[in-house]
Amino acid sequence: MKDQALFDKIDLHLIRVLNTVLTERSVSRAAIRLGMYQPAVSAALKRLRALAGDPILVRSGAGMVPTDAGLRMIEPSASILRAAGMLFSDARGFDPATADTTFRLAASDYLDPLFLPQLVAQVKAQAPRCRIEIQPLSADSDYRAQLAQGQADIVIGNWAAPPDDLHMARLFGDEVVCLVAKDHPAVRRGWDSASWLEAEHIAPSALHPGAKGVIDEHLDTLGLSRNITVRCPHFGLMPSMVASSLLVMTTGRQYCERFAGILPVTILPSPVAFPRMMYYQLWHERTHASNAAKWLRDRVKSVASMLRKE
């Protein structure tokens, strides 16, 4: 009952004043930003102090600083305002030209290296007030938890068998090829599956301990194993490593073609047959009906389709 009585005294306007005063660290600047008279902001701050049992903002020299309790209120108050904005913007329909929201996506860098730059460019051109947070898919990533808990709106990557407990949309499929230095012996001599397996391979670091990528998963089904001598968590650096070594990088043709014209590398067919590499975007039921999230998924699909036509 005590908590309920406290909650009944808090409204969204009060939360907005709280967050603005704490981020501006000034009642007068907060009043300007809120479009309010300074006495009204001071009165709201007085109410907030009474509710919190804490000064929230105190004098320090010529300015003001948040108290420890005030500092702890900054992110929760911002989170409440973001959630409220998303709630009502979805109810009205999503207008990218005026929307003020944060899009969160987790993506591997195995895709076309132009994909994320062009996605960001398209989102910022159409939704200039929106923010974008891009997270890597790494050994520390639990993308199911990220999607379920709101830390990511979509996850983009390639899976031989995507998880069936999430919503999914296919982006594109790609032929598996090999990227090698232009002076690699295989360019001159050619290779068969045995010499390819024995060559020195570079592969991305596992997404989690013991995990294998789609290349090595397929080799396992054939009872084969390649000679991986370098593992790297930065896929974008791997072509440069290939260019100055005898390493073999096996991945999608679209990715390799972006580097064939700018590095001393060449593309060779793989002597081992692989199924096409499939790229997807995944999302949780939590955002399935969200107009803002639907708009973001459409942008992802649009950029993927555009790059395939180049």
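An account of the accompanying structure is given in this report. Numbering of residues begins from 1 in every chain and follows the order in which that chain's sequence is written. Note on the predicted model: pLDDT of at least 70 is required for a residue's local features to be given, and 80 or more for side-chain atom pairs to be given and counted; whole-chain, interface and lining totals, by contrast, use all residues. To obtain the side-chain values, all non-hydrogen atoms of the structure were included, while hydrogens and water were left out.

As a rule of thumb, soluble globular proteins bury nonpolar side chains together. Here, the term nonpolar core denotes a set of buried Ala, Val, Leu, Ile, Met, Phe, Trp, Tyr and Cys residues that are joined through side-chain atoms within 4.5 Å. Exposed residues in this analysis have more than 50% of their type's maximum accessible area, buried residues have under 20%, and partly exposed residues fall in between, with area computed by a 1.4 Å probe over protein chains only. Residues F103, F115, I156, W191, W196 and M249 are the most contacted members of the largest nonpolar core, which totals 54 residues. A run of H or I in DSSP counts as a helix once it spans at least four residues, and a run of E counts as a strand once it spans at least two, with each numbered from the N terminus. Among the elements that take part in this core, helix α13 (residues 291-309) stands out by supplying seven residues, more than any other. Leaving out residues up to four positions away in the same chain, F115 has contacts with I156, V300, V303, A304 and L307. Counting residues in hydrophobic clusters, the runner-up holds 16 residues, among them L34, V41, L48 and M64. It only takes one pair of heavy atoms within 4.5 Å for two residues to be counted as in contact.

Attention shifts here to the packing of helix α2 (residues 12-24) against helix α3 (residues 27-34). Only the stretch in contact is used when fitting a helix axis, every axis being a line fitted to C-alpha atoms; angles between N-to-C directions are given from 0 to 180 degrees. As a packed pair, α2 and α3 sit with axes 8 Å apart at the nearest point and diverge in direction by 130 degrees. The pairing of α2 with α3 is recorded here as oblique in orientation. Both α2 and α3 take part in a crossing whose hand is right-handed. Of the residues in α3, those in contact with R16, V17, T20, V21, T23 and E24 of α2 are R29, A30, R33 and L34. Under this grouping Gly is polar, as are all residues other than the nonpolar Ala, Val, Leu, Ile, Met, Phe, Trp, Tyr, Cys and Pro and the charged Asp, Glu, Lys and Arg. Classifying every residue of the contact of α2 with α3 by side-chain character gives four nonpolar, two polar and four charged. Here the word oblique covers every angle except those under 35 degrees (roughly parallel), over 145 (roughly antiparallel) and from 65 to 115 (roughly perpendicular). For a crossing to be left-handed, the near helix must be turned anticlockwise from the far one by less than a right angle; the clockwise case is right-handed.

Attention shifts here to helix α6 (residues 115-126). Every α-helix winds through 3.6 residues per turn, so residues three or four apart in the chain are directed the same way. Here α6 is 12 residues long and its end C-alpha atoms lie 17 Å apart, about the 16 Å a rise of 1.5 Å per residue gives. Considered for burial, the residues of α6 that qualify are F115, L119, Q122 and V123. Seen end-on, α6 carries its buried residues on one side only, within an arc spanning 95 degrees. Each helix should span, by expectation, one fewer than its residue count multiplied by 1.5 Å. Here, the arc refers to the directions that run from the helix axis to the C-beta atoms.

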